[in-house]
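Below, each chain spelled out in residue letters.
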Amino acid sequence: MKSFDEIADAVAGVPFMSPDQGHIVYEHVRRTAPARVLELGTAHGVGSAYLAAALPPGGQVITVDHAGAAYDPSPERVLSQAGVRDRVEIVRQYSSYTWWLKERLAEGCEGFDFVYLDGAKNWTIDGLAVLLIERLLRPGGWLLMDDLHWTYDEVRDREVSDGVTIRGLSDEERAEPHLRAVFDLLVVDNPAFTEQRITDDWWGWARKRLEGEPVRRGSVQIETTKSAGALVANGLRRGVRAARRRVRG
Ligand SMILES: C[S@@+](CC[C@H](N)C(=O)[O-])C[C@H]1O[C@@H](n2cnc3c(N)ncnc32)[C@H](O)[C@@H]1O
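We now turn to the structure provided with this report. (Residues numbered from 1 in each chain as written. Predicted model: local features only at pLDDT ≥ 70, side-chain atom pairs only at ≥ 80, totals over all residues. Heavy atoms only, no water.)

Inspection of the region around the ligand gives 18 residues, with Gly 41, Asp 65, Tyr 71, Tyr 97 and Asp 118 positioned closest. At 3.4 Å, a backbone N or O of Ala 43 approaches an oxygen atom of the ligand. Within the backbone of His 66, one N or O atom sits 3.4 Å away from a nitrogen atom of the ligand. Relative to its unbound accessible surface of 600 Å², the ligand loses 95% to contact with the protein. For the shell around the ligand, the secondary structure elements donating two or more residues are α3 (46-53) and β2 (60-66). Residue composition of the shell around the ligand, grouped by class: 8 nonpolar, 6 polar and 4 charged. (Near = heavy atom within 4 Å. Polar contact = N/O pair within 3.5 Å; in protein donor to acceptor, adjacent residues only side chain to side chain. Areas by Shrake-Rupley, 256 points an atom, 1.4 Å probe, with all protein chains shown as cover. Helix = DSSP H or I, 4+ residues; strand = E, 2+ residues; numbered from the N terminus. Nonpolar A, V, L, I, M, F, W, Y, C, P; charged D, E, K, R; others polar.)

This is the structure we're talking about:
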């Protein structure tokens, strides 16, 4: 196991996972000691570095991105600099992680203890991804979803975001956070999961229920690692964005 500080130093200045977020995933992995971790959405490999650093001996991270994903610095370089390259398998030969997940389901893969979903932020892609993840998680394994409140309105000046043509989306599809809908409709209200919780209004967690464990539907614990002021500021920013959308509409 490498220390959190070693990784934070090695990846300093590289997008996308912040040190605060890195600390949360690092501590989660350290506490739960998963043998097999899956990250969907690699980018430069910063998230993989934090995940891999906290693994127990013999643990492994598989991280999946588009076939064409080209980042500078590359995940290979970032993971080598962090000293965890040997614990991470980088997969890039697929158009989408949904197809990679389909292949794993079809081959009867041994499953994962922790899946970190940090990719498209799209209902169609990640709704399917979550249903496949539910099948591929081992009982007791955890799902973590990033970007719960992200919306296409945040990138409305772009043509395309992660393969989705923004012009082709309805106003509602641009305004509504897709991952929050995935979390609320496919994770919270899903008897396969338990211990659903939201951290800092941005991350959604759920644990796959063990056999015989009581079903708990529809309840979500809300927690925060930030100051009340920071959360109020985030809420206000979202309120302003919603008001702008109403004015535009
Ligand atoms: C925010 S970045 C990931 C950041 C990384 N997890 C970290 O912690 O630093 C999102 C990544 O998801 C990838 N992605 C988006 N949709 C995808 C899909 N359908 N299949 C594979 N990769 C996808 C993008 O190419 C991008 O590299």
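Having put the structure on the table, let's press on.
A few words on the pairing of strand β3 (residues 88-94). On a regular strand, each side chain points to the face opposite its neighbour's, so the side chains alternate between the two faces of the sheet. When β2 meets β3, the two strands line up parallel, connected through 5 bridges. What sits directly across from Ile 62, in β3, is Glu 89. With helix α4 (residues 75-81) bridging β2 and the parallel β3, this β-α-β connection has right-handed handedness. (Pairing = 2+ DSSP bridges. Right-handed = clockwise from strand over helix to strand, strands pointing away.)

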